[in-house]
Amino acid sequence: MTSPISTHKHGSTLIVTSNNPPVNALGAAVRQGLVAAIEQATGDDAIHSVVITCAGQTFFAGADITEFGKPPVMPWLPEVVDIIENCPKPVIAAIHGTALGGGLEVALGCHYRVAVPSAKFGVPEVKLGLLPGAGGTQRLPRVAGVPKALEMVTGGGMIGAAEAASIGLVDRLIEGDLVQHAVAFANEVKDIRPLPKSSERDDKLAEARANPAIFADFRKANARKMKGFEAPELNIQAVEAALAKPYAEGVLDERRLFMQLMSGSQARAQQYFFFAERKASKIDDIPAYTKPRDIRRVGVIGAGTMGGGISMNFLSAGIPVTIVEMAQDALDRGTGTMRKNYEATAAKGRMTADQVEQAMGALTPTLDFSALADCDLIIEAVFETMEIKKDIFGKLDKIAKPGAILASNTSYLNVDEIAAATSRPQDVVGLHFFSPANVMKLLEVVRGARTESDVLVTAMALAKRIKKVAVVAGVCHGFIGNRMLMPRQVEATKLLLEGATPDQIDRVHVEFGMPMGPFQMADLAGVDIGWHRDPTRIENIRDALAAEGRWGQKKSAGFYDYDEKRRPSPSPRVQEIIDDFRTREGVQKRDITDQEIIERTLYTMVNEGAKILEEGMAQRASDIDVVWVYGYGWPVYRGGPMHWADGEGLDKIVAGLKNQEQRMGSDFSFSQLLLDTAASGGKFTR
Ligand code: 3H9
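Computed from a prediction, not measured in an experiment: that's the story for all the values here. (Residues numbered from 1 in each chain as written. Predicted model: local features only at pLDDT ≥ 70, side-chain atom pairs only at ≥ 80, totals over all residues. Heavy atoms only, no water.)

Let's talk about the packing of helix α27 (residues 650-664) against helix α28 (residues 672-679)
Put simply, the rule is: All axes here are fitted lines through C-alpha atoms, helices being fitted over the stretch that makes contact, and every angle between N-to-C directions spans 0 to 180 degrees. Secondary structure counts use DSSP, requiring at least four H or I residues in a row for a helix and at least two E residues in a row for a strand, with both numbered from the N terminus. Should an angle fall under 35 degrees it is called roughly parallel, over 145 degrees roughly antiparallel, and 65 to 115 degrees roughly perpendicular, with every other angle called oblique. Each crossing is labelled by how the near helix is turned from the far one, with a counterclockwise turn of less than a right angle marking it left-handed and a clockwise turn marking it right-handed. Whether two residues are in contact is decided by their heavy atoms, any of which lying within 4.5 Å being enough. Any residue outside Ala, Val, Leu, Ile, Met, Phe, Trp, Tyr, Cys, Pro, Asp, Glu, Lys and Arg is labelled polar, Gly included; the first ten of those are nonpolar and the last four are charged.
Between α27 and α28, the shortest axis-to-axis distance is 8 Å and the interhelical angle comes to 130 degrees. Between α27 and α28, the angle is such that the two are oblique. Here α27 and α28 pass one another in a crossing that is left-handed. Contacts from Leu650, Asp651, Ile653, Val654 and Leu657 of α27 reach α28 at Leu674, Leu675, Thr677 and Ala678. Residue composition of the contact of α27 with α28, by class: 7 nonpolar, 1 polar and 1 charged.

Listed below in structure tokens is the structure:
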């Protein structure tokens, strides 16, 4: 097998090139090739300097994640980085694309770093439940300073080349041919001794030592973001070691902390999720050569919260939008909200005033439905009523140009029935955005019985363009996400009658890692959503709350009471309503354990997920996990409901559900797939 590392001499410089598509991951062959190249440079008197560069789209994007969990192949990356740093001749990293994780660590092992202005730098290990384990937690603070290193290792985000240069992570920015300029740079520095080694620097550590509260302050300021995750704290501890100990001891701490993380369930879940997310974009039964349709202009019907949010996605990506409403005031309100949202983003420094104008300038608001005629994709985002949707699609059928994609943002309704209102069901698809649509990353792409392959491929490609993660769902009530929410809601509400409080149920969910529990979510979304609006018709607890105007946060009263700062507290009135219902229904009050709440609200979701899978409504179990992590905030360190269930043990899930089967009554039935997989000792996701 040929090595992905090749070398050639250019004068007295040895140019070392990695060619390991797609992202130059630092797999075993790359590591071996790098060591051999450094040995070659060391042993050749005619060589005075070394340039390490990468072919293809990017500099090394990190260790090869597919090797994790397999028997290690030597040399290990930390050793490789040390070998580079100990090369007696200057080594220069020539960086383009993304220098990430182990890739940045290799660059830090080099004596100098030069980069093109578009290059990006980061240590995303924390997103895989890890820390930069090839000396990165020790070298990065020495080079970039402790505050920046803390931000980078715990956040996992990227910084641009200009910033990298300003903090000393990059020695020179290069316009023009990267390798040619890197060689020129190498010639400039080839005689400088001693060689600057990241591991030997102390100036920036000394700055940090002057502020003993630096770590405590950082922990406090970021506590909310890091809650529940193990990796950020261990990243901090590793940087603390860089400050407190000599380099040689600091790396030992780094190694110990790295191994601790690597052997934990969070790292397993987060690495699983990395691949799950990438798999979600693939549709198994559609050939890779299927070409997407060209989308140059998007139409959106409805300028409400959803329509506005959906439009913003396209505008932000530079795709013009025509937005249609029925009345001028609704149109003005909608476009006004969009502008306000953009301006709020600009105020936070995440957009320039020019970009706001550019985005708003690409919006065409109109009351004229026929203005949609030149759109390549039209997304309907109006009331969740089948009759209205059918009427709209009937009208669209008459005005949309041939080949235009007609999409519905429905969250529950039957996309096939909507498609049947047109003469072109092959062009109809569901595009279920999650609220707030300009923020939430998830997009459920609902595949109708007759949806054409190229329509689906277009939807998936478009999702990428607007920076969403798309998951394909089949036509069923609530698709993947909302369908799994239903059994959770049913059981959570029954648990109130049986003796649990909203507070207890929500606490169990929040402790599990969800951003909020079912009743906090109801209060946020609006208790009145889907309510029949007849205050005399009180059939359940939710009806009773809605009838009293307890519509949730917007009314400062819902399942909780809210103060003027929207802080919730348990509501005596809600408890009265629950107690009344209990008496009315003749339910016996009893103590509910936290475990029962988990079994009835989370195990039931897993069961529903298994049904979705066995009915073919999701392509794969990992897609269900992607929906729950990106659509509902399922903690990524638990991988998603299906991965979590595998970790719990499917036999335990089945046993828990059997325990509760009688209490759940006719609301519950087992998924045969869950029973069979558990019985055979199988798993959904591994
Ligand atoms: C690490 O470095 C640990 C060390 O500190 C310590 C060691 C001791 N490995 O994302 P894309 C695949 S941990 C293997 O769609 P993009 C990916 O699965 C690592 N495979 O492209 C996909 O495969 P497929 C720290 C990888 O252009 C294909 O490449 N580094 C790796 O949208 C294309 O990926 C990271 O966490 C990998 N490291 O984005 C960086 N990376 O085509 C992770 C990607 O079969 N990577 N693949 O589905 C990324 O963030 C993005 O891939 C990147 C490109 C920004 C580079």
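Next comes the rest of the account.
A few points about the domain arrangement of the protein
Threshold: In this document the domain limits rely on a domain assignment from an automatic tool or a database.
Domain annotation of the protein identifies domain 1 (5-263), domain 2 (298-479) and domain 3 (500-585). Domain 1 and domain 3 are separated by 51 Å when their C-alpha centres are compared.

Side note on the sheet that holds strand β7 (residues 120-122)
Hydrogen bonds along the backbone pair up the strands of a sheet, which may run parallel or antiparallel. The condition is simple: For two strands to be treated as a pair, DSSP must find at least two bridges joining them.
Strand order in the open sheet formed by 3 strands is β5-β7-β8, with mixed pairing between adjacent strands. Single-partner strands in this sheet number two, and they are β5 (98-100) and β8 (158-160). Neighbour to neighbour, the strand axes of the sheet diverge by 20 degrees on average, direction disregarded.

As for the pairing of strand β16 (residues 442-447)
Going by this rule: Buried, partly exposed and exposed residues are distinguished by accessible area as a fraction of the type maximum, computed with a 1.4 Å probe on protein chains only: under 20%, between the cut-offs, and over 50%, respectively. When the strands point away from the viewer and the connection leading from the first strand across the helix to the second strand turns clockwise, the crossover is called right-handed.
Burial analysis of β16 places 5 of its 6 residues in the buried class, the great majority of the element. Bridge count for β16 against strand β17 (residues 469-474) is 6 bridges, and the pairing is parallel. Residue pairing across strands places Val446 opposite Ala473, the latter belonging to β17. Handedness of the crossover joining β16 and β17 through helix α18 (residues 453-465) is recorded here as right-handed.

Structural notes on the packing of aromatic side chains
Operational definition: Each aromatic pair joins two rings of Phe, Tyr and Trp (for Trp, the six-membered one) with centres within 6.5 Å, and gets the label stacked for planes under 30 degrees apart, edge-to-face for over 60, and tilted for any other angle. We count a charge as sitting over a ring when the NZ of a lysine or the CZ of an arginine lies within 6 Å of the ring centre and within 35 degrees of the ring normal.
Tallied over the full model, the rule gives 17 aromatic pairs. Between the aromatic rings of Tyr112 and Phe185, the centroid separation amounts to 5.4 Å while the plane-to-plane angle is 70 degrees, which identifies the pairing as edge-to-face. Taken together, the positions of Tyr112 in strand β6 (residues 112-115) and Phe185 in helix α7 (residues 178-189) put the pair 73 residues apart, joining distant regions of the chain. Taken individually, Tyr112 and Phe185 each receive the classification buried, so the pair is uniform in this respect. With 5.0 Å between their ring centres and 75 degrees between their planes, Phe512 and Trp634 make a pair best called edge-to-face. Residue Phe512 is found in helix α20 (residues 502-512), and its partner Trp634 is found in the loop between α25 (621-632) and α26 (641-648); the two are separated by 122 residues along the sequence. Each member of the pair Phe512 and Trp634 is classed as buried. An aromatic cluster of three or more residues is present, and its members are Phe434, Phe512, Tyr603, Trp628, Tyr632, Trp634 and Trp644. When the ring centre of Tyr630 is taken as reference, the NZ or CZ atom of Lys441 above it lies at 5.8 Å. Positioned over the ring face of Phe670 is Lys658, at 5.9 Å from the centre of the ring.

Section: the packing of helix α9 (residues 214-226) against helix α10 (residues 231-244)
Orientation of α9 relative to α10, taken along the N-to-C sense of each, is 165 degrees, at an axis distance of 11 Å. For the element pair α9 / α10, the angle class is roughly antiparallel. For α9 against α10, the interelement crossing comes out right-handed. From α9, Phe215, Phe218, Arg219 and Met226 reach across to α10, where they touch Pro232, Glu233, Ile236, Gln237, Val239, Glu240 and Leu243. Residue composition of the contact of α9 with α10, grouped by class: 7 nonpolar, 1 polar and 3 charged.

Considerations on the pattern of salt bridges
Worth spelling out the cut-off: By salt bridge we mean one thing: a side-chain nitrogen of Lys or Arg within 4 Å of a carboxyl oxygen of Asp or Glu.
This model, assessed by the stated rule, comprises 49 salt bridges. Asp253 is the partner of Arg256 in a salt bridge, and the nearest nitrogen-oxygen pair spans 3.9 Å. Of the two residues, Arg256 and Asp253 both sit in helix α11 (residues 247-262), 3 residues apart, roughly one turn of that helix. In this structure Arg256 comes out as partly exposed when scored by relative accessible area, which is 47%. On the basis of relative accessibility, which here comes to 14%, the residue Asp253 falls in the buried class. Two residues, Arg582 and Asp579, come together in a salt bridge whose shortest N-O distance is 2.8 Å. Here Asp579 and Arg582 lie together in helix α23 (residues 572-585), a separation of 3 residues that amounts to about one turn. Residue Arg582 is classed as buried on the basis of its relative accessible area, which comes to 7%. Overlapping salt bridges, with partners in common, bring together Glu491, Lys494, Glu498, Arg590, Glu596, Arg600, Arg663 and Asp667 in one network.

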